[in-house]
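# Structural characterization, general
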Amino acid sequence: MSRQQAFEAIYAKQHGVPAESLVQYRFESKEGYSLPMIASHYRTYCEALESIVVELPGECVNFAMDSDCVKKSITAAGVKYK
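In this text, all values refer to a predicted model and were calculated from it rather than measured experimentally.

## Here's the deal with the side chain of Gln4
Along the chain, Gln4 falls in helix α1 (residues 3–15). Look at Gln4 and you get buried, because its relative accessible area is 11%. Every residue in contact with Gln4, bar those within four places of it in the chain, is listed here: Arg26, Glu31, Gly32, Tyr33 and Tyr42.

## Observations concerning the environment of Glu8
If you trace the backbone, Glu8 turns up in helix α1. Considering only alpha carbons, one finds Glu8 and Val23, 15 residues apart in sequence, at a separation of 8.2 Å. If we skip the residues at most four places from it in the chain, Glu8 touches Ala19, Leu22, Val23, Arg26 and Tyr33.

## Quick word on the packing of α1 against helix α2 (residues 36–51)
Two elements in contact, α1 and α2, have axes separated by 11 Å at closest approach and are oriented at 115 degrees. Crossing of α1 over α2 shows right-handed handedness. Here Arg3, Gln4, Ala6, Phe7, Ile10 and Tyr11 of α1 come into contact with α2, specifically with Met37, Ile38, His41, Tyr42, Tyr45, Cys46, Leu49 and Glu50.

Here is what the cut-offs are and how they apply
Residues numbered from 1 in each chain as written. Predicted model: local features only at pLDDT ≥ 70, side-chain atom pairs only at ≥ 80, totals over all residues. Heavy atoms only, no water. Helix = DSSP H or I, 4+ residues; strand = E, 2+ residues; numbered from the N terminus. Buried < 20%, exposed > 50% of the residue type's maximum accessible area, 1.4 Å probe, protein only. Contact = heavy atoms within 4.5 Å. Axes fitted to C-alpha atoms, helices over the stretch in contact; angles between N-to-C directions. Left-handed = near helix turned anticlockwise from the far one by under 90°.

This is the structure we're talking about:
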């Protein structure tokens, strides 16, 4: 699921509309939305995700965990790690 799709699922649930209905407001040439209210919420959503950084403890990653798998999972969720 892309960042936009995740946002659309949350936004749709909060506003009682089908997530599919938001697709029509996406920009074709770039990430974002043509309706100002949705665009503003999406920018806030992105800023919130970008402000989260998960610091992985070295001993945890090196001990019985595949660090690439952990990093890919965190990145797929739209969050950064150190």
